[in-house]
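This is what each chain is made of:
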Number of protein chains: 2
Amino acid sequence: MQITRQTEYAIRTMLELARAPRGEFLSTRYISEQQDIPEDFLKKTLKLLVLAGLISTQRGVHGGIRLARPAGKITLVDIIEAVECNVALNVCLAPGYNCPNQPGCPVSRNLARAQQAMLNELRKESLEDMLGDQ
Amino acid sequence: MQITRQTEYAIRTMLELARAPRGEFLSTRYISEQQDIPEDFLKKTLKLLVLAGLISTQRGVHGGIRLARPAGKITLVDIIEAVECNVALNVCLAPGYNCPNQPGCPVSRNLARAQQAMLNELRKESLEDMLGDQ
DNA sequence: CCATTGTGGACTAATATTGTCCTTTTTGTT
DNA sequence: AACAAAAAGGACAATATTAGTCCACAATGG
């Protein structure tokens, strides 16, 4: 019941990007050094952020990555969902899972409520907000 | 970001116990058969529930396990915390961890809030409530 | 043409989770 | 006293997940 290290890397990366001048590209290498993240592993992680539409990339000499939308419009949920694909407190909440119990079993109902509550909290502050109050 | 299979086993076991007549002992074997849980693995799991004070055991011929307190006073949080030891959405929230960032960094603050929200939801229904509404 | 930077995929290593086996202790029953 | 039922405990094995590495390739600007 923890976010993975990879998710943490993604969060730190996104914050680093949010801190950079708007629209500027940062290279993967630079970020990996700043944040002490293995470069090749970071690359794989960035792929997930690209797929989720959170960052955009530019190849070549002055290329790199940058936020795909304003830091004020990105929250931790976006990042977590991008990296962990589908957040589900229990297998029975994952899409496509067919519970052998009654569909609305009380346990999964409770877990689902808890999960919603958690995600709602994570939606409250944007990256911009977070940078503001440190 | 999921509860483990072991935690699920523990939840199912606790519900089974809650369904049994008050004070009666059920054997590990019986539960493992009912719930289709590997017996030896279940035993290890039960140990955690004992340590957490959720169940009490009785050795010997008519022994087994039973709830250590009324089903109305046990919630999913109790079980999850018993099995997963210390729930922490991120390493930086685990007790004893020393964050290299400022102590109250905005990320851990957000994760902590989300975790609290989640746990609070999980505290709302007791095992008894859950049995009631299926 | 070449250095820089992202893309993609295969592979390995490390760690965590799940499951198994076997021995011991306790307890009621015969 | 002997025995069978049941929990306690610990070592080990199998799997699955997570993390990290390596290498060849593609785009881009100077």
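Read on for a plain summary of the structure.

Cut-offs and rules
Residues numbered from 1 in each chain as written. Chains lettered and ligands numbered in written order. Predicted model: local features only at pLDDT ≥ 70, side-chain atom pairs only at ≥ 80, totals over all residues. Heavy atoms only, no water. Helix = DSSP H or I, 4+ residues; strand = E, 2+ residues; numbered from the N terminus. Buried < 20%, exposed > 50% of the residue type's maximum accessible area, 1.4 Å probe, protein only. Contact = heavy atoms within 4.5 Å. Buried area = accessible area lost by both parts, 1.4 Å probe. Salt bridge = Lys/Arg side-chain N within 4 Å of Asp/Glu carboxyl O. Polar contact = N/O pair within 3.5 Å; in protein donor to acceptor, adjacent residues only side chain to side chain. Near = heavy atom within 4 Å. Nonpolar A, V, L, I, M, F, W, Y, C, P; charged D, E, K, R; others polar. Least-squares fit on C-alpha atoms with pLDDT ≥ 70 in both. Expected span 1.5 Å × (residues − 1). Arc of directions from axis to C-beta.

## Looking at the environment of B:R59
Residue and element names in this part refer to chain B.
- For R59, the position within the fold is in the loop between β1 (55-58) and β2 (64-67).
- According to the relative accessible area criterion, R59 is exposed, its value standing at 77%.
- Taking the C-alpha atoms as reference points, R59 and S27, separated by 32 residues in sequence, lie 9.7 Å from one another.

## Concerning the interface of chain A and chain B
- Each side of the interface is counted separately: chain A has 31 residues, and chain B has 31 residues.
- For the pairing of chain A and chain B, the buried interface totals around 3200 Å² over both sides, and the portion due to carbon and sulfur atoms is 61%.
- For the interface between chain A and chain B, the tally reads six salt bridges.
- For B:E121, the salt bridge goes to A:R113, with nearest N and O atoms at 2.5 Å.
- For the pair chain A and chain B, the interface holds 12 residue pairs in polar contact (both at pLDDT 80 or more).

## Details of the protein's contact with DNA strand C
- Around DNA strand C sit 24 residues in total, of which A:K47, A:R59, B:R5, B:K44 and B:R59 are the nearest.
- Here, DNA strand C places atoms within 4 Å of the protein, and 65% of those atoms are sugar or phosphate.
- B:R5 has a polar backbone atom sitting 2.8 Å from a phosphate oxygen of DNA strand C.
- Taken together, the residues of the surface near DNA strand C sort by class into six nonpolar, 11 polar and seven charged.

## Digging into the protein's contact with DNA strand D
- Neighbouring DNA strand D are 23 residues, the closest being A:R5, A:K44, A:R59, B:K47 and B:R59.
- Within 4 Å of the protein, the atoms of DNA strand D are drawn from sugar and phosphate moieties in a proportion of 69%.
- Residue A:Q6 places a main-chain N or O atom 3.4 Å away from a phosphate oxygen belonging to DNA strand D.
- Here a phosphate oxygen of DNA strand D sits 3.1 Å away from a polar atom, N or O, in the side chain of B:K47.
- Mapped onto the surface near DNA strand D, the elements with two or more residues apiece are α1 (5-19) and α3 (39-51) of chain A together with α3 (39-51) and β1 of chain B.
- Of the residues assigned to the surface near DNA strand D, the class counts are six nonpolar, 10 polar and seven charged.

## So, the relation of the copies chain A and chain B
- Mapping chain A onto chain B calls for a rotation angle of 180 degrees and an axial translation of 0.0 Å; the resulting RMSD is 0.1 Å. Within this description, the copies of the chain are treated as partners about a two-fold rotation axis. Considering only C-alpha atoms, the residue of chain A closest to the rotation axis is A:M1, which sits at 2.1 Å.
- Comparing contact sets, 100% of the residues at the interface of chain A also lie at the interface in chain B, consistent with an isologous, same-surface contact.

## Observations regarding α3(B)
Residues and elements named next belong to chain B.
- For α3, built from 13 residues, the straight-helix expectation of 18 Å at 1.5 Å per residue is met to within 8% by its first-to-last C-alpha distance of 19 Å.
- All of the buried residues in α3 are L42, T45, L46 and L49. Projected down its long axis, α3 carries its buried residues within an arc of 110 degrees, all on one side. Exposed and oriented more than 90 degrees from the buried face of α3 are D40, K44 and L51.

In short, the description is geometric, and any link to function would need to be established separately.
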